[in-house]
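# Fold and contact review
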Amino acid sequence: MNATVVGSQLGDEGKGGVVDLFSEDADVVVRYQGGNNAGHTVVHRGEEYKLRLVPSGVIRGKTGVLGNGCVLDLETLFDEIETLRARGLDPDVRVSARAHIVLPYHRVLDRAEEASKTDGGLEVGTTGNGIGPAYEDKAGRRGIRVGELLDDAVLRDRLEYAVPKKRRLARDVFGIDTGVEFDVDRLFETFRGFGDRLESEEMVVDAGAVLAEMDRDGANVLFESAQGTHIDVDHGNYPFVTSSNPTAGGAITGTGVDPSAVADGRIIGVVKAYLSRVGSGPMPTELSEDAASAVRERVGGFGTVTGRPRRIGWLDVPMLRHAARVNGFTGIVLNHVDALGGFEELKVCETYELDGETLTGIPSTTAEWGRCTPEYRTFETWADRDWSEIRNDGYDALPDAARTYVEYVSAELGVPVYAVGIGPGRDETIVRQHPFGSAED
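Residues numbered from 1 in each chain as written. Predicted model: local features only at pLDDT ≥ 70, side-chain atom pairs only at ≥ 80, totals over all residues. Heavy atoms only, no water.

## Quick word on the packing of aromatic side chains
If you walk through the whole model with that rule in mind, you get 7 aromatic pairs. Pairing W314 with F343 gives two aromatic rings, centres 6.3 Å apart and planes at 65°, and the pair type is edge-to-face. Residue W314 is located in the loop between β13 (311–313) and β14 (315–316), and its partner F343 is located in the loop between β15 (331–335) and β16 (347–354); the two are separated by 29 residues in the primary sequence. The exposure class assigned to W314 is buried, which follows from its relative accessible area of 9%. Looking at F343, the relative accessible area reads 15%, which means it is buried. (Phe/Tyr/Trp six-rings, centres within 6.5 Å; stacked < 30°, edge-to-face > 60°. Helix = DSSP H or I, 4+ residues; strand = E, 2+ residues; numbered from the N terminus. Buried < 20%, exposed > 50% of the residue type's maximum accessible area, 1.4 Å probe, protein only.)

Right, dumping it as C-alpha cells:
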C-alpha cells in the first residue's frame, strides 16, 4: 500500500508532521516537487526540526528520496543534512539524477522579478530562493540536472549555454550588475564539487526505477508534497502560485512511478482547521489585521522559511471541495483543532456569492475568486483545555463542539478523518485510521 500526503489549502497545513506520523509504517518517503521554498516542521520528544528539502520521514530514520519534480539548492541540502547529523540523526537521502538544480543566478533573478512586480501589485510573495526561475529554465530546456553534475564536460557545456543568456537577462531587462553568480568558471568549480560529493556519498539514483522496484517488492511508499493545492501552478490561484504541481498528479510525474502506484493507494488531504497563508493572492475569508494578529499570538503564525506573518482566515470549504476533487482524497487529517479552543466565535465559509450566484467551489479565474463573498455558517465554540489528556483518551474525549466541527468537514468532503491534530508533536495527534493499516480509534 502506498500513500500520498497533499496540502489541501495554501500551504502551512502541517504536512511535515503528518508525513512524520504516518512514515512509521513506510519504507521510503519521497518528496516529488518544490525546493527549499518549502518549510516542514516536525516535533518529536519536544525537539523541533525545521526541514526545507530533506523529506520529513528522515526524522524516523526512513530513506528519503528527492524526485525529478524537485529543484534542488544543493548548498541548502548539504547544510540541512549536516545539521541533522549534528543533532544525532543519520539521514539517508537519495536524489533523482533527473532533478534540476537551483543556481545562484536563479536567486538573483527571482528577487529582481518580484521587485519588478511591486508597482503593479502583482508580486507573488516568493521566498526569493530561485525556485520559479529554476522551473522556468527547466521548461525552457536551459536547466541543469543533477546527473549532469557528474560529467565535467557536460556540466561545462550546459553552463556555457545557459549563463550568457541569464547574464543578458539580468543586465538588459532588470538592470543588474552581474557578479560571481553569473561567472561560468566559478559556477563550474562550485557545482563540480557538489557533483563529486553527491557521487562519493552515492546519493544519485534513477528514482523512478528504484521506486518501481520497491513498489513491486511490496514496500510502502509515502509521497510528500511540498506545498498546498491552491498554489499549484495549474490548479491554484494563478499567478499567485508556486511553479510546480503539489497536487497528487505531481507524485506521478515528479517521481517516475507508474500512475497506479499513486492512484491505487491512499491520498491524504491535510486540512488546517482554519486558513492561513504566506504570500499574495485572494483569500475571501481573511480576517481583519487586528483579529488576525490575535490569532497569530495564539498559534505562532509565522512562515517557516520566511518568518513573515501569516495571513489568517476562517476555514474555506469551497477551497476544500476543489482540493478533494482535484486530488481524489481518500481521507483527511484535520490539524490545529486545539488552536480553535477558546475562540469567542467560530465561522466556516460554506459557499460563495458571486454576481448573485451561489458557488460551492472556487471559480476558475483568480479575478473572480477575489470578488467572491463568503457565506458563513457559525459553529458552537469550545473552551481551551489540557489537550494531552484528550490525546490519551482518544477521539471521543474531544469536546462535543469540536467533534461536530471535525465531522462537518468530513461530511462536506465525503471522506473519513484519518487523524485529528491537537498539538504540534507526533504524540499530539489522534489517529483514527492509519493509511498503511487499519483503524486505531
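Here the narrative resumes.
## Digging into the sheet that holds strand β10 (residues 221–228)
Reading across from one edge, β9-β7-β5-β2-β10-β1-β11-β15-β19-β20 is the order of the 10 strands in this open sheet, with mixed pairing throughout. Looking at which strands have only one partner, the edges of the open sheet turn out to be β9 (204–205) and β20 (429–431). Sheet analysis places strand β19 (residues 417–421) next to β20, joined by 3 bridges and oriented antiparallel. Paired with A419 across the two strands is V431, which belongs to β20. The strands touched by helix α1 (residues 15–22) are β1 (3–7), β2 (28–31), β10, β11 (266–272), β15, β19 and β20; relative to β10, the strand with the most contacts, the crossing angle is about 175°. Lying over the sheet, helix α7 (residues 207–216) contacts β2, β5 (63–66), β7 (93–96), β9 and β10, oriented at roughly 145° with respect to β2. (Pairing = 2+ DSSP bridges. Contact = heavy atoms within 4.5 Å. Axes fitted to C-alpha atoms, helices over the stretch in contact; angles between N-to-C directions.)

## Comments concerning the packing of helix α2 (residues 74–86) against helix α6 (residues 184–200)
At a closest axis distance of 11 Å, the pairing of α2 and α6 adopts a crossing angle of 45°. Between α2 and α6, the interaxial angle falls into the category oblique. The two elements α2 and α6 meet at a crossing, and its hand is left-handed. Contacts between α2 and α6 pair L74, E75, F78, E82 and R85 from the former with F191, F194, R197 and L198 from the latter. (Parallel < 35°, antiparallel > 145°, perpendicular 65-115°, else oblique. Left-handed = near helix turned anticlockwise from the far one by under 90°.)

## Things to note about the pattern of salt bridges
What the rule picks out here adds up to 27 salt bridges. Its salt-bridge partner being R158, residue E148 comes within 3.6 Å of it at the nearest N-O pair. In this pair, E148 sits in the loop between α4 (131–139) and α5 (152–173) while R158 sits in helix α5, placing the two residues 10 residues apart along the sequence. One salt bridge in this structure joins R377 and E350, with 3.9 Å as the shortest N-O distance. With R377 in strand β18 (residues 373–378) and E350 in strand β16, this residue pair connects regions lying 27 residues apart in the sequence. Using a relative accessible area of 33% as the deciding quantity, one classes R377 as partly exposed. On the basis of relative accessible area, E350 is assigned to the partly exposed category, the value being 23%. Three or more residues joined by partner-sharing salt bridges are found here, namely E82, R85, R197 and E201. (Salt bridge = Lys/Arg side-chain N within 4 Å of Asp/Glu carboxyl O.)

## Concerning the pairing of β15
One face of the sheet, then the other: side chains in a regular strand alternate in exactly this way. For β15, the tally of buried residues reaches 5 of 5 residues, placing the bulk of the element in the interior. Side chains of β15 alternate between two faces, with G331, V333 and N335 and I332 and L334 buried alike. Here β11 runs beside β15; their pairing, made up of 5 bridges, is parallel. Looking at β15, one finds that V271 is bridged to L334.

## Re the nonpolar core
Among the nonpolar cores identified, the biggest contains 56 residues, and V337, W382, Y405 and V420 are the most heavily contacted of them. Ranked by the residues each element gives to this core, the list is headed by helix α14 (residues 400–413), at 7 residues. Ranked by size, the runner-up nonpolar core spans 40 residues in total, among them L66, V95, V108 and L109. (Core = buried A, V, L, I, M, F, W, Y, C linked by side-chain atoms within 4.5 Å.)

## Considering α5
Look at α5: 31 Å from first C-alpha to last across 22 residues, which is about the 32 Å you get at 1.5 Å a residue. The set of residues buried in α5 consists of L155, R158, L159, A162, V163, K166 and A170. Looking at the packing, one finds that the buried side of α5 touches α3 (104–116), α4 and α6. Its side-chain oxygen placed 3.1 Å from the backbone nitrogen of A153, D151 serves as the N-cap of α5. (Expected span 1.5 Å × (residues − 1). Polar contact = N/O pair within 3.5 Å; in protein donor to acceptor, adjacent residues only side chain to side chain.)

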